[in-house]
Amino acid sequence: MIIAPTLLLLLFLGAPALAAIPAPEGFRALDTLSDAGKSLSLVWNASPADRADRIVQVWMADRPDGPFKKLAEFPSNTRYVKPGDFPWWAQPARKGDHYVKLAASPTFPIEDGKPYFVKLLVREGDQEVWSEVAEATSAPNVFNTAQLNNLVFVLAFTGVLLASIAAARRNPHVPLRRIAGLDAVEEAIGRSTEMGRPILYLTGSGGMDEVSTIAATVILGEVAKKVARYDTSLKVPHRDPIVMAVCQEIVKESYVAAGRPDAYKEDSNFFITSDQFSYTAAVDGIMLREKPAANFFMGSYFAESLLLTETGASTGAIQIAGTDSDHQLPFFVTTCDYTLIGEELYAASAYLSREPVLVGTLRGQDFGKAFIMSVLVLGTALATIGVVVDSSIFNYVLDLFKDFK
Amino acid sequence: MIGIDRRIIFLLIAAAVLLPLLRPFGLPIKVSPEVRGVYEYIEALPERSVFLLSFDFDPSSKPELEPQAVALLRHAFRKNLRVIGMTHWLTGTGLADDVFSRVAAETGKERGKDYVFLGWSPGAGSLIIAMGQDLYKAFPSDYTKTPTQGMPVLEGVRSLRDVNYMVSLAAGSSGIEMWYVFGKDKYRFEMAGGSTGVIAPGLYPFLRSGQINGLIGGLQGAAEYETLIKRKGTATAGMDAQSATHFVIIILVLLCNMFYFVLRGEKGKAR
Amino acid sequence: MIFLKRQLPLAITFVMGVTFAFQYYIPHPVSEEAITNVSKWMQIISGFALALGLASIFHVHAVKIKRQVPGWGYSIVLYAAMLATIVVGFKSGGETKVDGAQTAFGWLYDYSMVPLQGTMFSILAFFIASAAYRAFRARSPEASVLLVSAVLVMMGRVPLGQFLLPWTWDVTQWLLNVVNSAVRRAILIGVSMGQVALSMKIILGIERAYLGGGKDQ
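Reading guide: rules and limits
- Residues numbered from 1 in each chain as written.
- Chains lettered and ligands numbered in written order.
- Predicted model: local features only at pLDDT ≥ 70, side-chain atom pairs only at ≥ 80, totals over all residues.
- Helix = DSSP H or I, 4+ residues; strand = E, 2+ residues; numbered from the N terminus.
- Buried ≥ 20, exposed ≤ 12 C-beta atoms within 10 Å, placed from the backbone.
- Contact = placed C-beta atoms within 7 Å.
- Domains from an automatic or database assignment.
- Nonpolar A, V, L, I, M, F, W, Y, C, P; charged D, E, K, R; others polar.
- Axes fitted to C-alpha atoms, helices over the stretch in contact; angles between N-to-C directions.
- Parallel < 35°, antiparallel > 145°, perpendicular 65-115°, else oblique.
- Expected span 1.5 Å × (residues − 1).
- Arc of directions from axis to C-beta.
- Core = buried A, V, L, I, M, F, W, Y, C linked by C-beta atoms within 7 Å.
- Pairing = 2+ DSSP bridges.
- Left-handed = near helix turned anticlockwise from the far one by under 90°.
- pLDDT = per-residue confidence, 0-100.
- Right-handed = clockwise from strand over helix to strand, strands pointing away.

Novice: Could you give an account of the overall build of chain A, naming the residues involved and the relevant values?
Specialist: Assigned secondary structure in chain A consists of 11 helices and 14 strands. Out of the 405 residues in chain A, the part that is buried amounts to 41%. Partitioning the contacts of chain A with sequence separation of at least 6, the portion at a separation of at least 24 is 68%.

Here it is, written out as C-alpha cells:
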C-alpha cells in the first residue's frame, strides 16, 4: 500500500535528476589554424539535446585556477561547423560539431605563446553544468593551409606556362587567331604617314603596377618601331610620371632597334597631369588642334574614355583601343574602329612581335582557360547531383576549387 | 538626317535635362533588390553598431555618389549607428567632410561622439591592411587633427574586425573591389557598394556571388535609397531629368535606325 | 651599366615578385608588416616620381613659350595657375577649412576644382547621346540585339520607363543579373588569366619590355 505511492514520489522527486543537463562532450581548445595569432578555437560535439533555451557560456582565464572571465554567451543550438566553412584538408572540427573562435579583444587580450584555460558553462533554467577546463596556446602560423589548393593551382599554371614556352621555343609555328585591331596598327601608321599627321598614343590611367599599363607600354614599343621606320611623328601624353619615364626608354630603344636613333624626339613622351579630367581636357585639346590621324587608347580607363574617343572620332582619326576595363568597353566599341577586349590587350605583345616565347605564353593561358571551363562544367554537374541525391560526398571534389580564407 | 550635326543632339539633351528640373513630373520609383539589400542590413543593425563609409570618389562623380552618401548617412544617423568616414581619393576629402558636416548638423549628431571623418591617407590596399591591423596606427588623428585614440565614437574599435558594416562609394579603382580583396576577405566584415551608373553593371558578379550584399548603382540607386528612407533628396529630383534624357536618346536611336533602313531600301531600289 | 639596366632590375623583380606572391599565403604578422612597409616605399617612390612629372610639364611649356608656338599664351596661364595654387595651398596649410571657416585653398577647391570636374564629367551625357546615335544601328543581327537590349535597359532603369512599360523593369533586372553577370564573369576570368600570365612572365624575366625595349628571350 505504501510502496507504490512512495515509488511514485521518488520518481517525481528524481525526475529532475534524471533529466540533468549533460556536460559538453569532446570539448577541447586549440590554437586557431592558419591565422596571424592571438586567437584560440574551441570545439565540442553537437548533441541532440541542443536547443534555443539552453545557453552556452564561454569562460576563460590565464591561470588554471582562475579567475575566469565570461567571454561569450549563445544558444546551444548555434555555432556549428557548416559545409563551406573549412576545406576538408584543414578543418579543426568535423561538420556539424560546435566551433567557436576567440579572438583577442579589449575585454580579454590573448597573447601568443601564453597558455590560456577555457571552460564552458551550459545552463538551462536553474540547472547548469561546467565542462572540463581545456588549455591552449595561441601562435601565429606560417602557412595558410586553407589556401593550399590555391597555391597548387598557381604553381601548376606556372608550370604549364613554362612548358608551353619551352614547346614554343622548339616549334615556333604556333597559329594565332586573327586580332583585327592589331592587324590595323600597320594600316593606322601608314595612314598617318600619308596624311603627314601625328599618331597619338595613350597608355591609360594606371600606374606601372597595373598589368594593363605594362601591356600598353609593350605595345607602344612595337608601335614606336613601326613609327620610326615610317618617320611619322609620335605623341604620347602621360598621366603618371613613372610610366612616362618607362615609355621614354621604351620609345628610345625602339627607335634604336629600328635603326633610326636620329629620328627619336625626347619630347614625344610628356607629362600632363595626374588629375583625370584635367588630363582628358588637355588630350582633347591636342586632338582638336593637331588632328592626329591615328589614336591609340591602350591600358585601363575610367570615365574619361568616352570623352577621349568621341573627340577623336569627331576629328576623323582612325582609333584603336585596348583595355581590360570592362566597364569602358561599351564606349570603346561604339566609338573606335577596333577594340582589343580584355586579354587581347595582354596578347598584343605576342601578336605583334610573334616572338615564340610570348606566343607560347598565350597557349599556356589557353590551357588555363580550358581547365577553368572544364571545372565549371564538372563542378556544376557534381553540385547539382549532390543536391538531387542529398549527398555531401561530392564536396570533397568541390572543395578543391573553392577559395577558403 | 542620318549625319545630323552633333550640336543638335547636344541641344536636345540639354533641353531634356533642364526642362524637367524646371517643371518636375515626379513618378514613383521602384526599388531593386540590390538596393534593398543595403537598406535592410543597416535597418537590422543594433544601435551604436559601427558603420564604415568610404568616400572613394572625387568631385567629378559628386552628382551620382553624393546623394548616395547623404541617403546612407541619414539612415545611419537615424539608426544611431557610430559612423566612421574616410576616403582613398585625396581630391575627395573636402567634399566628404562637407557631406558629413551637413548631414550631421541636420540630424543633430556630434563629431567625435556619433561620427568621425578620418580623412585621407596614402596606400590604397595597404592602408586597408593597416586599418585591419590597427586603426589608430593607420589614422592617428582624424581630418580635424583630433587624436583618434580615446574618441567616444571609436570606443571598442581596434581595427576593421570591429566594423559591423561597410559601404564603399566608388567611382573607379581604389573602390569596391579593393575593399573586398584587402578588407572583407581578410577581416570578415559585411560590405556593400555604391557606384556610378557606368561601373555598376561590372559589379553584379560580386553581388551575385555574395561578395557584396548590396549595390547602389548611380543616381537611380540613390533615388531608390531615398525612397526607402522616405526622405526625398537630389537623386529623386534628378530622376525626372534622367527619364527625359533616356527617352530622348531612345527616340534619337529609333529615328536614326528608321532613316538608316529607309536609305538602305532606297539604295537597294536604285540598284 | 648593362648590369644596372638589366640584370639588377630583373633580379629585384624576381625576388620581390616571388616574395610577395608567397606573402598571400602567409598569415604571420611578419608577412603583413612586410607588405605594409613595401607599400610605404611605393608611396615614397611615387612622391619622388611626381618631381619627374613636374619637370616634364615645365620643360614642355617653357619650349612652347620660347618658340612662341600657337597657343603659347595658355602655357603662361598654366604656369600662373600652378604657382597661384601652390602659394595659396601653402598659405592655407593645405587645409580647405580651419575652425569651420573656409580657407582660400578651400575656395579654390569649391569654386574651381569641383565645378570644372563636374563639367567635364557632365559632357559625357552629351557624348553618350551622340555616340549612341552614331553607333546603335541595326546593321547586323548582333547589332540589332545590342540595340534592342540597350533600349530595354534605358527604359527599365528610369521611373518613366517603369511607369509606361512596367515589364521593362523585370527585363532589365534579368539582363543585369543574368546575362550581364555571366559576360562580366567570363571577361573577368579571361582578364585574370592574362594578368597572372603576364605577371609570371615579368617575375620570371621573360617579359622585359618595361625595362626599356631590347630583345626578349
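Novice: Give a detailed account of the overall build of chain B, specifying residues and quantitative values.
Specialist: Looking only at helices and strands, chain B has 10 helices and six strands in total. C-alpha extents for chain B along the principal axes are approximately 80 × 35 × 30 Å. Scored against the burial criterion, the 271 residues of chain B give a buried share of 52%. Considering only contacts in chain B between residues 6 or more positions apart, those separated by 24 or more positions represent 72%.

Novice: How would you sum up the domain arrangement of chain A? Please name residues and give values.
Specialist: Once the domains are mapped, chain A shows domain 1 (22–137), domain 2 (145–161 + 359–398) and domain 3 (174–354). Computed over C-alpha atoms only, the centres of domain 1 of chain A and domain 3 of chain A are separated by 59 Å.

Novice: How would you summarise the environment of Phe-121 of chain C if you had to cite specific residues and measurements?
Specialist: Assignment of secondary structure puts Phe-121 of chain C in helix 4 (residues 104–135). In this structure Phe-121 of chain C comes out as buried when scored by C-beta crowding, with 24 C-beta atoms within 10 Å. Residues in contact with Phe-121 of chain C, not counting those within four places in the same chain, are Phe-277 and Ala-303 of chain A together with Ser-60 and Ser-61 of chain B.

Novice: Explain helix 7 (residues 304–314) of chain A to me, and be specific about the residues and the numbers.
Specialist: Burial analysis of helix 7 of chain A places 10 of its 11 residues in the buried class, the great majority of the element. Glu-304, Ser-305, Leu-306, Leu-307, Leu-308, Thr-309, Glu-310, Thr-311, Gly-312 and Ala-313 of chain A are the residues of helix 7 of chain A that are buried. For helix 7 of chain A, the elements touching its buried residues are helix 6 (276–290), strand 12 (294–298), strand 13 (318–323) and helix 8 (329–335) of chain A together with helix 4 of chain C.

Novice: Pulling in residues and values, what's your account of the interface of chain A and chain B?
Specialist: With nine residues of chain A at the contact, the number on the chain B side is 10 residues. Classifying every residue of the side of chain A that touches chain B by side-chain character gives five nonpolar, two polar and two charged.

Novice: How would you sum up the packing of helix 5 (residues 241–257) of chain A against helix 2 (residues 29–67) of chain C? Please name residues and give values.
Specialist: Where helix 5 of chain A contacts helix 2 of chain C, the axes come no closer than 8 Å and their chain directions differ by 70 degrees. Between helix 5 of chain A and helix 2 of chain C, the angle falls in the class roughly perpendicular. Across the interface between the two elements, Pro-241, Ile-242, Met-244 and Ala-245 of chain A from helix 5 of chain A touch Ala-49, Leu-50, Leu-52, Gly-53 and Ser-56 of chain C from helix 2 of chain C. Split into classes, the residues belonging to the contact of helix 5 of chain A with helix 2 of chain C amount to seven nonpolar, two polar and no charged.

Novice: Break down helix 2 (residues 33–44) of chain B for me, with residues and values.
Specialist: Residues separated by three or four positions in an α-helix point in the same direction, a consequence of the helix having 3.6 residues per turn. Residue and element names in this part refer to chain B. With 12 residues, helix 2 ought to run about 16 Å at 1.5 Å a step, and its terminal C-alpha atoms sit 16 Å apart, in line with that. Listed in full, the buried residues belonging to helix 2 are Glu-34, Val-35, Val-38, Tyr-39 and Ile-42. When helix 2 is viewed along its axis, its buried side chains cluster within an angular range of 145 degrees and face the same direction. In helix 2, the exposed positions angled more than 90 degrees off the buried face are occupied by Pro-33 and Ala-44. On the buried face of helix 2, the contacting elements are helix 3 (62–78), strand 4 (165–170), strand 5 (190–195), helix 8 (204–208), strand 6 (215–217) and helix 9 (218–228).

Novice: Report on the nonpolar core, specifying residues and quantitative values.
Specialist: In terms of nonpolar packing, the biggest core is built from 176 residues, with Ala-215 and Leu-220 of chain A touching the most fellow members. The element contributing the most residues to this core is helix 4 (residues 211–230) of chain A, with 11 residues. The contact partners of Ala-215 of chain A, leaving out residues within four places of it in the chain, are Leu-345, Tyr-346, Ala-348 and Ser-349 of chain A together with Leu-198 of chain C. In this structure, Leu-42, Ile-110, Val-118 and Leu-120 of chain A belong to the second largest nonpolar core, which totals 19 residues.

Novice: Kindly report on the sheet that holds strand 12 of chain A, identifying the contributing residues and their values.
Specialist: Neighbouring strands of a sheet are bound in pairs by backbone hydrogen bonds; such pairs are parallel or else antiparallel. Residue and element names in this part refer to chain A. Read from one edge of the open sheet, six strands run 11-10-9-12-13-14, paired in parallel fashion. Because the sheet does not close on itself, it has two edges, and the strands there are strand 11 (269–271) and strand 14 (338–341). Between one strand axis and the next, the sheet turns through 15 degrees on average, direction left out of account. The sheet contact formed by strand 9 (residues 199–202) and strand 12 spans four bridges and is parallel. Note on strand 12: the bridge partner recorded for Leu-202 is Phe-297. Most of the contacts of helix 7 go to strand 13, to which it runs at about 165 degrees, and overall it touches strand 12 and strand 13.

Novice: A description of the interface of chain A and chain C should follow, citing residues and the corresponding values.
Specialist: The interface of chain A with chain C comprises 60 residues on the first partner and 47 residues on the second. Of all the elements, helix 5 of chain A adds the most residues to the side of chain A that touches chain C, at 10 residues.

Novice: How would you summarise the sheet that holds strand 1 (residues 28–31) of chain A if you had to cite specific residues and measurements?
Specialist: Residue and element names in this part refer to chain A. Spatial ordering of the open sheet is given by 1-2-5, a layout of three strands whose pairing is antiparallel. At either end of the open sheet lies a strand with only one pairing partner, and these are strand 1 and strand 5 (98–103). The mean inter-strand angle of the sheet, taken between neighbouring strand axes irrespective of direction, is 25 degrees. For strand 2 (residues 39–44) and strand 5, the ladder comprises six bridges, and the chain directions are antiparallel. Directly across from Leu-40, in strand 5, lies its bridge partner Leu-102.

Novice: Would you mind going over the packing of helix 1 (residues 6–22) of chain B against helix 10 (residues 234–270) of chain B in detail, with residue names and values included?
Specialist: Residue and element names in this part refer to chain B. Direction vectors running N to C along helix 1 and helix 10 enclose 150 degrees, while the axes themselves pass 7 Å from each other. One way to sum up the angle between helix 1 and helix 10 is to call them roughly antiparallel. Every pair of crossing elements has a handedness; the one defined by helix 1 and helix 10 is right-handed. Seen from helix 1, the contacting residues are Ile-9, Leu-12, Ile-13, Ala-16, Val-17, Leu-19, Pro-20 and Leu-21; seen from helix 10, they are Asp-240, Ala-241, Ala-244, Thr-245, Val-248 and Leu-252.

Novice: Any details on the confidence of the model for chain B? Residues and values, ideally.
Specialist: Confidence in the prediction of chain B, expressed as mean pLDDT, is 91, and 98% of residues score 70 or more. Model confidence for the complex is summarised by a pTM of 0.80, with the ipTM given as 0.81.

Novice: Any details on the environment of His-61 of chain C? Residues and values, ideally.
Specialist: All names here are of chain C. For His-61, the location among the structural elements is in helix 2. Separated by 17 residues in sequence, His-61 and Leu-78 place their C-alpha atoms 8.5 Å apart. Residue contacts for His-61: discarding those within four places in its chain leaves Ser-75, Leu-78 and Tyr-79.

Novice: Kindly report on the pairing of strand 9 of chain A, identifying the contributing residues and their values.
Specialist: Residues and elements named next belong to chain A. Side chains Ile-199 and Tyr-201 of strand 9 all project onto a buried face; the interleaved residues Leu-200 and Leu-202 project onto the opposite face, where all are buried too. As judged from the two bridges shared by strand 9 and strand 10 (residues 234–238), these two strands associate in the parallel manner. Bridged to Ile-199 within strand 10 is Leu-234. Note on the crossover from strand 9 through helix 4 to strand 10: the handedness is right-handed.

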